[in-house]
Amino acid sequence: MNERSALARHGELEEVWGTPPGWGNLSSVNHTVVGKRFMVASLIFFLLGGVLAMLMRTQLASPENAFMDAGVYSQVFTMHGTVMMFLFAIPMLEGFSFYLLPKMLGARDMAYPRLGAYAWYCYLFGATLVVGSLFLGLAPHSGWFMYTPLSSGRYSPGIANDIWLIGITFAEISAVCGAVELLTTILRMRAPGMKLSEMPLFAWYMLVTAAMMLLGFPPLILGSILLELERAFGWPFYDPLLGGDPLLWQHLFWLFGHPEVYIIFMPAAGMVTAMLPAFAGRAIVGYRWVVASVVAMGVLSMVLWAHHMFTVGLTTPVAAFFSIASTLIAIPTSVQFFSWIATLWCGRVRWELPMLFMAGFFATFIVGGLTGVMVALVPFNWQAHDTHFIVAHLHYVLVGGMVFPVMAAAYYWLPHFTGRMPSRHLGKLAFWLVFIGFHVTFLPMHITGLAGMPRRVHSYAPDMGWDVLNLVSSIGGFMQAVGFLVLVFDILIHVRGGALAPRNPWGAASLEWAMPTPAPSYNFASIPDGHLRDPLWEDPALPDDVAAGRLWLAEPAAGRRLTLSTDMMEGRPESVILLPQSSWWPLLSAVATGGFFVGVLLKLYAMALVALALSLGLFLCWAWSTGSRMDMGPVKARGDVDLVLHFEHPAGAPGWHGTVYALIADAAVLGSLVFGMVYLWALAPAWPPSVMATVPLWAVAVAGGCWLAAAAAGRWARRFLSAPSAEDGWPVGGLALHAAALAALVAVLGWVLASLPPASTHAQSALTAMLLWYAAVHAGAALLMSLFLALRWKSGFVSSRRRLEPKVVWLFGHYSLGSALLCLMLAALPGWLG
């Protein structure tokens, strides 16, 4: 191909994949645009969180300071932690992963572009709701961890804590959507030939992180829903007088909270692993050891939650278990550190600007890791718990483990974002100000903590001996703040005015540098092969081959956005994914979803129901806009290789896999609810209640019958699709039987719910109602999906080759029926036990 044809191809692809101008930009679903939006918004929230931190350091700089009273300080402290943990750390890393992963894996976009855009708007609206409370004087004040009973309606009346619960739950929808999209993209959209065992290590880090998000976020979402129900309707999940237990909130919160530390650390560590080879001049040492350590860290992090609860009265065996598990996680962490050290030792290190920030990460995180081993020991934890020692440890882990790598990544990929190089001099100044300022701020906190200074207090007496160290910490804090401002200033002035960057300015080996910079909207003019672990080092001509259209999906296909789907393990090409164009459905759906949350917050439940109905209608319109009314046939993928479109592939299409991952998160919500039920039954006071909420056995039998009927309907419809006459009709009987089974289940659940004692009388009644509502909501959603499928089938969207939609609906229907049967059995258990 000559240069002119390559430029023509670029223009045609850019026309198909580009972002609409003006207001149309809000309809963009491209992963590059969405990733940048996450990063920019989270940076703004980071700066806000930094301002709040400086307010706290001003207050603590001297004893008995009157700068803020206790109430305002509690609001500032709560919002600082909330912003940094929920609105900065995870969204920033989510933005990096959205931007980078398709480029590293050789794909043109994420698996579900519109879901990614919806996730972005949910994050933006939820975060705005939470942050807006600060400027309205309604900021929450019970701590970023919302411990009960302080956060309950009895001790914290008003709307402030409701804003936290509803806003954070709204924002967490974004994280779960992102996890589903990341998992599907990594497992099903790698470049042809890229085996799972050979993919970039950053993808391994994000694969494990996304799995942790699927399992870690649901407990917090459930806990927040339960607390909001207690505050709004008096359902006593956390009230010990009525069978609840405040410690249940701590368990649910830290089932999320401790994995979150690793959800924050692991993507940052993955970025370090991706950047380090470029400056060492060699591949990472111990690839398979690093993969094993990442998986081990993900598994161990899920069983460490009570590491934060040693002082609540755990039994000795339980405390010993969590102490040992907390210590063991140092082993996989050390494996990664030794891999990085060995890579640097065996290479020729170039001290470019990103390498400087990575060195800051190594030095800082090691201190946080060592103090982490200290607080994993129960006797020491008892002494240091709720002191400034824990504040220091937390910041050494999170700033050392996340902020320094993110700053390194910002400078490393800035040429990729903008096509321009950063300033070496301003970057060095920013590094030293942040590095020195950080240690001046938090190193003394270890000492003040050991000297007995508690955290979360707004003032202290002059004779405590903490004044000098607190003043030093405050000076260091402002030094950090100046360093961060220099970094932001450096990035802003070089976005447009920096020196033009050459292609691959750091000499990296990974696929994202095989494209022009700044990155085009379609990523690759032709999709590269992925059989090489270090492609740009092993095949220096690859960027030219990509640009010249010598590889996969080289030609624009009648204005369609196409990328490849490969099998999970070996990376064999299976189908061509037809991705959606820019769309307004994500924005409109997020606005309607936001209306539902605002209605709940303001106790305007009629408004909430209207917004919920509107949301469902918009989701159905969104779903109706997908698919095809005709069989499309094979698409030319490369040379003589033809592949079918994803919705015609007989195996699992990306949509089916995404449904599986979403149901795993859904099951984690149910698992958390069952955990709460077992916990309260075993340990909470005032059990059993005088009036037990029970479910009749006939209701369980009916649910079992509905499940069997739906299974028979599914087999009926599958046989119909396999028959030669499938093109000429649709399985009316199978669809009707499936819908009738779900409708019967909804009716039974409604009758049982109406017969229960009031949920406000005891935690057992409230938990029973929650189980049945979970079942009813899922059965109702499955019924709606079944009716929608029947309409789609009648309209020609389903055929013997286009089976994706029935497979997704039947998968969700079977899950809904099975989980409803389980919920009814658990709800009936008290009656069976007498």
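Residues numbered from 1 in each chain as written. Predicted model: local features only at pLDDT ≥ 70, side-chain atom pairs only at ≥ 80, totals over all residues. Heavy atoms only, no water.

A closer look at the overall build of the protein
Part 1: Of the regular secondary structure elements, the protein holds 24 helices and four strands.
Part 2: Relative to the 2.2 N^0.38 estimate, which gives 28 Å for 834 residues, the radius of gyration of the protein is 27 Å and therefore close to what a compact globule would have.
Part 3: Considering only C-alpha atoms, the protein reaches an extent of 90 × 80 × 50 Å along its principal axes.
Part 4: Within the protein, buried positions represent 59% of all 834 residues.
Part 5: Long-range pairs, those at least 24 residues apart, make up 81% of the contacts in the protein with a sequence separation of at least 6.
Part 6: Carbon and sulfur atoms provide 72% of the accessible area of the protein, an area that totals close to 30,700 Å².
Part 7: If you average the places of the 42 positive and of the 41 negative side-chain charges in the protein, the two averages end up 5 Å apart. (Helix = DSSP H or I, 4+ residues; strand = E, 2+ residues; numbered from the N terminus. Rg over C-alpha atoms; globule rule 2.2 N^0.38 Å. Buried < 20%, exposed > 50% of the residue type's maximum accessible area, 1.4 Å probe, protein only. Contact = heavy atoms within 4.5 Å. Areas by Shrake-Rupley, 256 points an atom, 1.4 Å probe, with all protein chains shown as cover. Lys, Arg positive; Asp, Glu negative; His and termini not counted. Charge placed at Lys NZ, Arg CZ, Asp CG, Glu CD.)

Thoughts on the confidence of the model for the protein
Part 1: Per-residue pLDDT for the protein has a mean of 92; in total, 97% of the residues score no lower than 70.
Part 2: Looking over the protein, one finds the lowest element-wise mean pLDDT in helix H1 (residues 3–17), namely 79, and the highest in helix H18 (residues 585–601), namely 97.
Part 3: Note that pLDDT drops below 50 for residues 724–728; the model gives that stretch seven contacts with residues more than four away or on any other chain. (pLDDT = per-residue confidence, 0-100.)

What to know about the packing of helix H5 (residues 160–188) against H18
Part 1: One can describe the packing of H5 onto H18 by two numbers: an axis separation of 10 Å at closest approach and a directional angle of 160°. The angle between the axes of H5 and H18 places the two elements in the roughly antiparallel class. For H5 against H18, the interelement crossing comes out right-handed. Across the interface between the two elements, Asp162, Ile163, Ile166, Thr169, Phe170 and Ile173 of H5 pack against Ala590, Thr593, Gly594, Phe597, Val600 and Leu601 of H18.
Part 2: For the contact of H5 with H18, the residue count by class is eight nonpolar, three polar and one charged. (Axes fitted to C-alpha atoms, helices over the stretch in contact; angles between N-to-C directions. Parallel < 35°, antiparallel > 145°, perpendicular 65-115°, else oblique. Left-handed = near helix turned anticlockwise from the far one by under 90°. Nonpolar A, V, L, I, M, F, W, Y, C, P; charged D, E, K, R; others polar.)

Some points on the side chain of Ser156
Part 1: The residue Ser156 is located in the loop between helix H4 (113–135) and H5 in this model.
Part 2: Take Ser156: its relative accessible area is 1%, and that puts it in the buried class.
Part 3: Among the polar contacts made by the side chain of Ser156, one reaches the side chain of Ser142 at a distance of 3.3 Å.
Part 4: For Ser156, the contacting residues outside a window of four places in its chain are His141, Ser142, Leu150, Ser151, Asn161 and Arg231. (Polar contact = N/O pair within 3.5 Å; in protein donor to acceptor, adjacent residues only side chain to side chain.)

Some remarks on empty space enclosed by the protein
The gaps of empty space that remain are located by a probe, the size of a water molecule, rolled over the atoms.
Part 1: Within the structure shown, the criterion is met by three cavities of 30 Å³ or more.
Part 2: There is about 340 Å³ of room inside the largest cavity.
Part 3: Considering the residues around the largest cavity, the lining is formed by 23 residues, among which Pro200, Leu201, Ser510, Arg533 and Asp534 are closest to the centre.
Part 4: Here the lining of the largest cavity is built from residues that sort into 18 nonpolar, two polar and three charged. (1 Å grid on protein atoms, 1.4 Å probe; cavity = no way out; pocket = protein on both sides within 12 Å on 5 of 7 lines; lining within 4 Å. Points joined across faces, edges and corners; volume = space filled by probe spheres on them.)

Here we look at a nonpolar patch on the surface
Part 1: A cluster of nonpolar residues, Leu609, Leu612, Leu616, Phe619 and Leu784, forms a patch on the protein surface that exposes about 410 Å² of accessible area.
Part 2: In terms of residue count, the dominant contributor to the nonpolar patch is helix H19 (residues 605–624) (four residues).
Part 3: Examined against the element boundaries, Leu612 turns out to sit in helix H19.
Part 4: For Leu612, a relative accessible area of 35% gives the class partly exposed. (Patch = residues over 30% accessible without salt bridge, like charges linked within 9 Å, V, L, I, M, F, W, Y side chains within 5 Å. Salt bridge = Lys/Arg side-chain N within 4 Å of Asp/Glu carboxyl O.)

With respect to the nonpolar core
Part 1: With 270 residues, the main nonpolar core has Phe86, Phe96, Trp249, Trp340 and Trp413 as its most contacted residues.
Part 2: Leu735, Ala790, Val798 and Trp810 belong to the second-largest nonpolar core, a separate cluster that totals seven residues. (Core = buried A, V, L, I, M, F, W, Y, C linked by side-chain atoms within 4.5 Å.)

Quick word on the pattern of salt bridges
Once the charged atoms of two side chains with opposite charge are near each other, the side chains can pair.
Part 1: As enumerated under the stated definition, the model contains 19 salt bridges in all.
Part 2: A salt bridge links Arg154 to Asp239, with the nearest nitrogen and oxygen atoms 3.3 Å apart. In this pair, Arg154 is assigned in the loop between H4 and H5 and Asp239 in the loop between helix H6 (201–233) and helix H7 (246–280), connecting sequence segments 85 residues apart.
Part 3: The exposed category is assigned to Arg154, whose relative accessible area is 54%.
Part 4: Relative accessible area serves as the criterion here: at 12%, Asp239 is assigned to the buried category.
Part 5: It is possible to trace a salt-bridge network through shared partners that takes in Asp162, Glu228, Arg231 and Lys603.

Description of the packing of aromatic side chains
Part 1: All told, the structure shown has 66 aromatic pairs when counted by the stated rule.
Part 2: Taken together, the ring pairs in this structure connect Phe77, Phe86, Trp144, Phe145, Tyr147, Trp164, Phe217, Tyr238, Trp249, Phe253, Trp254 and Phe256 into an aromatic cluster.
Part 3: If you follow Lys103 out to its NZ or CZ, it ends over the ring of Tyr99, 4.0 Å from the centre.
Part 4: The positively charged end of Arg792 is found above the aromatic ring belonging to Trp624, 5.2 Å away from the centroid. (Phe/Tyr/Trp six-rings, centres within 6.5 Å; stacked < 30°, edge-to-face > 60°. Lys NZ or Arg CZ within 6 Å of the ring centre and 35° of its normal.)

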